[in-house]
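Residue-level structure breakdown
Each chain, written out:
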Amino acid sequence: DGDGDGDGDGDGDGDLLEPLASFDLKIVYRAGKTGFEETKDYMPTPNAVIANRYQVQETLGTAAFSTALQCVDLASDPDDPHYVC
């Protein structure tokens, strides 16, 4: 329809092709730090909880500017846990 709203009717009223979701993530940081310091010494240990929601299971790997962690979402059903990376 060319109006960019994805609903095919040409009126631009904004129906999306799929619903969108979001989540709140509290950012914990040290005051006065920029993130560009020479060392970044925070390495979560197994069972550490991040953002009061994600429990660290293991470190999957590291790269120059990142660390990949396998975590379980504590908001998921304990009988069917949702793992996130």
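The following paragraphs examine the structure supplied in this document. (Residues numbered from 1 in each chain as written. Predicted model: local features only at pLDDT ≥ 70, side-chain atom pairs only at ≥ 80, totals over all residues. Heavy atoms only, no water.)

Quick notes on the pattern of salt bridges
Our working rule: Only one rule defines a salt bridge in this text: a Lys or Arg side-chain nitrogen within 4 Å of an Asp or Glu carboxyl oxygen. Strands are runs of DSSP state E lasting at least two residues, helices are runs of H or I lasting at least four, and both sets are numbered from the N terminus onward. Only protein chains enter the accessibility calculation, which uses a 1.4 Å probe. A residue is then buried if its area is under 20% of the maximum for its type, exposed if over 50%, and partly exposed in between.
According to the stated counting rule, one finds 1 salt bridge in the structure shown. A salt bridge links Arg 53 to Asp 73, with the shortest nitrogen-to-oxygen separation between them at 2.8 Å. Within this pair, whereas Arg 53 is found in the loop between strand 1 (49-50) and strand 2 (54-62), its partner Asp 73 is found in strand 3 (residues 67-73), the two being separated by 20 residues in sequence. Residue Arg 53 is classed as partly exposed on the basis of its relative accessible area, which comes to 29%.

Structural notes on the state of the cysteines
Cysteine pairs can be linked by a disulfide, which is a covalent bond between their two sulfur atoms. Inclusion rule: For the purposes of this analysis, a disulfide is any pair of cysteine sulfur atoms at a distance within 2.5 Å.
Scanning all chains against the criterion turns up 0 disulfides. Cys 71 forms no disulfide, and the closest cysteine sulfur to it belongs to Cys 85, at a distance of 8.0 Å. By relative accessible area, Cys 71 is classed as buried at 6%.

Observations regarding the pairing of strand 3
Heads up, the rule is: By the convention used here, strands pair only if DSSP detects at least 2 bridges between them.
Strand 3 sits mainly inside the fold: 5 of its 7 residues count as buried. Connecting strand 2 to the next strand, strand 3, in antiparallel fashion are 4 residues.

Remarks on a nonpolar patch on the surface
Here is the rule we go by: Residues enter patches when they are more than 30% accessible in relative terms and free of salt bridges; like-charged ones are connected within 9 Å and nonpolar ones (Val, Leu, Ile, Met, Phe, Trp, Tyr) within 5 Å. All accessibility values rest on the Shrake-Rupley procedure with a 1.4 Å probe; residue burial counts only the protein chains present in the view.
A cluster of nonpolar side chains, contributed by Phe 23, Leu 25, Ile 27 and Tyr 29, occupies part of the molecular surface with about 500 Å² of accessible area. Inspection of the secondary structure assignment puts Phe 23 in the segment before strand 1.

Focus: the side chain of Gln 70
We count it as follows: Here a polar contact is recorded for every N or O atom pair within 3.5 Å, except that within protein the pair must consist of a potential hydrogen donor and a potential acceptor, and residues adjacent in sequence are included only if both atoms are side-chain atoms. Residues are treated as being in contact if the distance between any of their heavy atoms lies within 4.5 Å.
In this fold, Gln 70 is placed in strand 3. Of the polar contacts made by the side chain of Gln 70, one reaches the backbone oxygen of Val 84; its length is 3.5 Å. Not counting chain neighbours up to four residues away, the residues in contact with Gln 70 comprise Gln 55, Val 56, Gln 57, Glu 58, Leu 60, Tyr 83 and Val 84.

Notes on unusual backbone geometry
We note that Ala 51 has phi near 55°; this positive angle belongs to a residue other than glycine. Within the secondary structure, Ala 51 is located in the loop between strand 1 and strand 2. A residue is classified by how much of its surface remains accessible, and Ala 51, at 31% relative accessible area, is partly exposed.

Comments concerning the sheet that holds strand 4 (residues 82-84)
The 4 strands are arranged 1-2-3-4 in an open sheet whose pairing can be described as antiparallel. The two strands at the open ends of the sheet, each matched to only one other strand, are strand 1 and strand 4. When strand 1 meets strand 2, the two strands line up antiparallel, connected through 2 bridges. In the strand pairing of strand 2, Val 49 is matched with Gln 55.

Considerations on the environment of Asp 77
The residue Asp 77 is located in the loop between strand 3 and strand 4 in this model. For Asp 77, a relative accessible area of 42% corresponds to the partly exposed category. Of note is the side chain of Asp 77, whose polar atom sits 2.9 Å from the backbone nitrogen of Asp 79.

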